[in-house]
Amino acid sequence: MNATQSLTARTGNLFHRYANPGRFLRMGAKLQPWLTWPALALSVAGIVWGLFFSPADWQQGDSVRIMYVHVPTAWLASSGYMGLAVCSLLSLVWRHPLADLAAVEIGPVGASITAVCLATGSLWGKPMWGTWWVWDARLTSVLVLFFLYLGHIALIRAFDEPQRGYRAAAILGLAGAVDLPIIKFSVQWWNTLHQPDSITVTGAPTMSTSMLWPLGLTTLGFTLGFAAIVLARLRASVMESRVRTILAANRGRQSAAAAPQPDRATP
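Residues numbered from 1 in each chain as written. Predicted model: local features only at pLDDT ≥ 70, side-chain atom pairs only at ≥ 80, totals over all residues. Heavy atoms only, no water.

## Re the pattern of salt bridges
The test is simple: Should a side-chain nitrogen of Lys or Arg be within 4 Å of a carboxyl oxygen of Asp or Glu, the pair is scored as a salt bridge. Helix and strand labels come from DSSP, where a helix needs a run of H or I of at least four residues and a strand needs a run of E of at least two; each type is numbered from the N terminus. With a 1.4 Å probe rolled over the protein chains alone, any residue whose accessible area is under 20% of its type maximum counts as buried; one over 50% counts as exposed, and the rest are partly exposed.
Counted by the stated rule, this structure contains one salt bridge. Between Arg-233 and Glu-105 there is a salt bridge, with its nearest N and O atoms 2.9 Å apart. Of the two residues, Arg-233 is situated in helix H8 (residues 209–258) and Glu-105 in helix H4 (residues 97–129); the sequence distance between them amounts to 128 residues. The exposure class assigned to Arg-233 is partly exposed, which follows from its relative accessible area of 32%.

## Some thoughts on a nonpolar patch on the surface
Put simply, the rule reads: By definition, no residue in a patch forms a salt bridge, and every one has over 30% relative accessible area; like charges are joined within 9 Å, nonpolar side chains (Val, Leu, Ile, Met, Phe, Trp, Tyr) within 5 Å. Only the protein chains shown count as covering a residue, and every accessible area follows the Shrake-Rupley method with a 1.4 Å probe.
A cluster of nonpolar side chains, namely Val-44, Val-48, Trp-49, Leu-51, Phe-52, Phe-53 and Trp-213, defines an oily patch on the protein surface of about 770 Å² accessible area. Top contributing element to the nonpolar patch by residue count: helix H2 (residues 21–53), with six residues.

## Focus on a positive patch on the surface
Keep this limit in mind: Here the positive residues are Lys and Arg and the negative ones are Asp and Glu; neither His nor the chain ends is included. To locate a charge, take atom NZ for lysine, CZ for arginine, CG for aspartate or CD for glutamate.
On the surface, a cluster of positive charge is contributed by Arg-23, Arg-26, Lys-30 and Arg-242. The dominant element in the positive patch, judged by the number of residues it contributes, is H2, at three residues. With respect to the helices, strands and loops of the structure, Arg-26 is situated in helix H2.

## Some remarks on the side chain of Thr-218
The test is simple: Pairs of residues are marked as contacts when any of their non-hydrogen atoms sit within 4.5 Å.
Along the chain, the position of Thr-218 falls in helix H8. Not counting the four nearest positions on each side in its chain, Thr-218 is found in contact with Leu-42, Gly-46, Ile-47, Tyr-68 and Pro-72.

## Description of unusual backbone geometry
Of note in the backbone geometry, Arg-95 takes a positive phi value of approximately 55° without being a glycine. Mapped onto the elements of the fold, Arg-95 is located in the loop between helix H3 (67–94) and H4.

## Digging into the packing of helix H5 (residues 137–156) against helix H6 (residues 162–176)
Threshold: Between N-to-C directions, angles cover 0 to 180 degrees, with each direction set by a line fitted to C-alpha atoms, over the stretch in contact for helices. Under this scheme an angle from 65 to 115 degrees is roughly perpendicular, one under 35 degrees roughly parallel, and one over 145 degrees roughly antiparallel; angles in between are oblique. Two helices crossing with the near one rotated counterclockwise from the far one by less than a right angle form a left-handed crossing, whereas a clockwise rotation gives a right-handed crossing. Ten residues, namely Ala, Val, Leu, Ile, Met, Phe, Trp, Tyr, Cys and Pro, are considered nonpolar, four, namely Asp, Glu, Lys and Arg, are considered charged, and the remaining ones, Gly among them, are considered polar.
Closest axis-to-axis distance for the H5/H6 pair is 8 Å, and the angle between their directions is 165°. With respect to their mutual orientation, H5 and H6 come out roughly antiparallel. Where H5 crosses over H6, the handedness of that crossing is right-handed. Touching Leu-148, Gly-151, His-152, Leu-155 and Ile-156 of H5 are Gly-165, Tyr-166, Ala-168, Ala-169, Leu-172, Gly-173 and Gly-176, all from H6. Tallied by class, the residues present in the contact of H5 with H6 amount to seven nonpolar, five polar and no charged.

## A look at the nonpolar core
How we decide: For this analysis, a nonpolar core means a set of buried residues of the types Ala, Val, Leu, Ile, Met, Phe, Trp, Tyr and Cys, connected via side-chain atoms within 4.5 Å.
Ranked by internal contacts, the top residues of the largest apolar core, which has 41 residues, are Phe-24, Tyr-81, Leu-145, Phe-226 and Val-238. Sort the elements by how many residues they give to this core and H4 lands first, with twelve residues. Here Leu-145 is in contact with Ala-77, Ser-78, Tyr-81, Thr-114, Asp-179, Leu-180 and Ile-183, once residues within four sequence places are set aside. Listed in part, the six residues of the second largest apolar core include Val-64, Met-67, Trp-124 and Met-211.

## Points about the packing of aromatic side chains
The following threshold applies: Any pair of Phe, Tyr and Trp rings, taking the six-membered ring for Trp, is counted once the centres come within 6.5 Å. Such a pair is stacked with planes under 30 degrees apart, edge-to-face with planes over 60 apart, and tilted for the rest.
A full pass over the atoms with the stated rule returns three aromatic pairs. Aromatic pair Tyr-81 and Tyr-149: ring centres 5.3 Å apart, planes at 80°, arrangement edge-to-face. In this pair, Tyr-81 is assigned in helix H3 and Tyr-149 in helix H5, connecting sequence segments 68 residues apart. For Tyr-149, a relative accessible area of 0% corresponds to the buried category. Each ring, one from Phe-146 and one from Phe-147, has its centre 5.9 Å from the other, and the planes form 50°; the classification is tilted.

Written as structure tokens, this is what we have:
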């Protein structure tokens with residue numbers, strides 16, 4: 001076994017430690033409140049601060065307040081699909097059973113958050129650009145991301161045999177990840193109407209701290225909320241799968257018990 005195969009095997013063993021449904025459900029039950037309640041508190045605090053107490057922008061006026069919802073949803077649209085791509089990798093390489101279930105549950109949440117991103121972007125674009133929609137590179141690539149989410153949702157449920165759907169959707173999930181760098185760097189690669197990112201890793205923020213703090217709270221709250229929703233859906237999916245397995249086993253035992261027994265020859 002070469003070094004790459006050895007590393008893959010060790011990584012797979014680490015991931016599969018959490019493939020046990022009982023262990024995952026116990027861990028998820030402990031983690032759920034630590035995601036849900038901070039998500040609610042931070043989201044409410046950030047939105048109230050941003051909508052009612054932060055200053056208006058000197059150019060955009062009060063319309064800038066849309067960013068306290070738009071920016072976090074834009075971040076989560078891409079981050080959610082990155083999580084979907086990671087689940088696809090775990091499914092294809094290590095056949096992780098929870099990765100397939102997680103991909104099923106991330107899809108609808110990611111599609112919903114991307115739809116909110118597109119809607120708030122249109123609301124923000126109308127007063128700024130004078131139109132609800134332009135075929136701007138950033139907007140178009142996010143629209144493509146939305147359709148990738150919808151395609152994944154449809155494909156993973158398109159087969160009578162679930163494993164075939166998981167595999168096909170995982171391939172789409174990995175292939176669609178190429179759209180993520182396009183979304184990120186579209187404003188640098190092309191001349192677009194969309195403004196450049198105000199917050200970058202390499203540079204200082206281009207907005208005042210009175211706007212940055214509520215935006216940070218909202219972004220963190222939305223991120224924790226996204227994780228909480230996906231975790232709750234995944235826990236429900238695992239419990240549903242366990243119930244189906246138990247019911248199928250019971251039906252099998254009942255069928256075996258009801259089947260006529262062959263006559264035994266007398267000595």
